[in-house]
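Next come the chains, spelled out residue by residue.
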Amino acid sequence: MTIQDLGSLGEFIASIGVVVSLIYLALQTKENTRAIRAQTRSALTDQVLSIQSQTFNSEAFRNAIRKYNDGSELDELEKDILNREALLFFKHMENAQFQFENGLYDTSEYEAQRAVWVHRFSTYRPWRDAWEFYKPMLSPRLINEVQPIVDAAKGRDVPGDV
């Protein structure tokens, strides 16, 4: 075997090593993507649970919801409480949309989230009111996606099942 043959054998072995390394890297990337998706789902769930826990454990919030559902007039503090609850959820919506657009949120789960948005904007006037107030603070992409939902829901003043 000549030196040229040994060099060719070395190149062949090195090219096999490169191919094996690329396959390994592809598998690791796929596993990493799964892990990121799982972390994203967990973070979104934690976010919603945190919002709900803080909100629903508040006596002031429960009183505001009770008054809203009864059709009673809300004072300024109660309106502010409902607006802030809406803003927290709008920020969650913005996060969910961002994660979805970046491939980190399943389509079926995102569509289920959107169905909740449609329901809330359709049945819960304080969300529509808060949307108009907080819209300048939200991403243009979320505004483009949600504004048609809000427009379709305008004129509905029936208290929702909050």
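Everything quoted here is computed from the prediction, not taken from an experiment.

**Student:** How should the overall build of the protein be read in this particular structure?
**Tutor:** Per the secondary structure count, the protein includes six helices and zero strands. Across the protein, helices and strands are ordered from the amino to the carboxyl terminus as α-α-α-α-α-α. Looking at the protein residue by residue over its 162 residues, the buried ones come to 31%. Considering only contacts in the protein between residues 6 or more positions apart, those separated by 24 or more positions represent 69%. About 10200 Å² of surface is accessible on the protein, with carbon and sulfur atoms providing 59% of the total.

**Student:** Can you help me understand a nonpolar patch on the surface in this one?
**Tutor:** A contiguous nonpolar surface patch, about 730 Å² in accessible area, is contributed by M1, L6, L9, F12, I13, I16 and V20. On the secondary structure map, I13 appears in helix α1 (residues 3-56).

**Student:** What is the right way to read the packing of helix α3 (residues 76-101) against helix α5 (residues 125-134) from this model?
**Tutor:** Pairs of packed helices are described in terms of their axes, by the angle between the two and the distance that separates them. Contact geometry for α3 and α5: axes closest at 9 Å, N-to-C directions at 70°. When the interaxial angle is binned, α3 and α5 end up roughly perpendicular. Here L82, N83, R84, E85, A86, L87, F89, F90 and M93 of α3 lie close against α5, whose contacting residues are P126, W127, A130, W131 and Y134. Looking at side-chain class alone, the contact of α3 with α5 contains eleven nonpolar, one polar and two charged residues.

What counts, and at which threshold
- Residues numbered from 1 in each chain as written.
- Predicted model: local features only at pLDDT ≥ 70, side-chain atom pairs only at ≥ 80, totals over all residues.
- Heavy atoms only, no water.
- Helix = DSSP H or I, 4+ residues; strand = E, 2+ residues; numbered from the N terminus.
- Buried < 20%, exposed > 50% of the residue type's maximum accessible area, 1.4 Å probe, protein only.
- Contact = heavy atoms within 4.5 Å.
- Areas by Shrake-Rupley, 256 points an atom, 1.4 Å probe, with all protein chains shown as cover.
- Patch = residues over 30% accessible without salt bridge, like charges linked within 9 Å, V, L, I, M, F, W, Y side chains within 5 Å.
- Salt bridge = Lys/Arg side-chain N within 4 Å of Asp/Glu carboxyl O.
- Axes fitted to C-alpha atoms, helices over the stretch in contact; angles between N-to-C directions.
- Parallel < 35°, antiparallel > 145°, perpendicular 65-115°, else oblique.
- Nonpolar A, V, L, I, M, F, W, Y, C, P; charged D, E, K, R; others polar.

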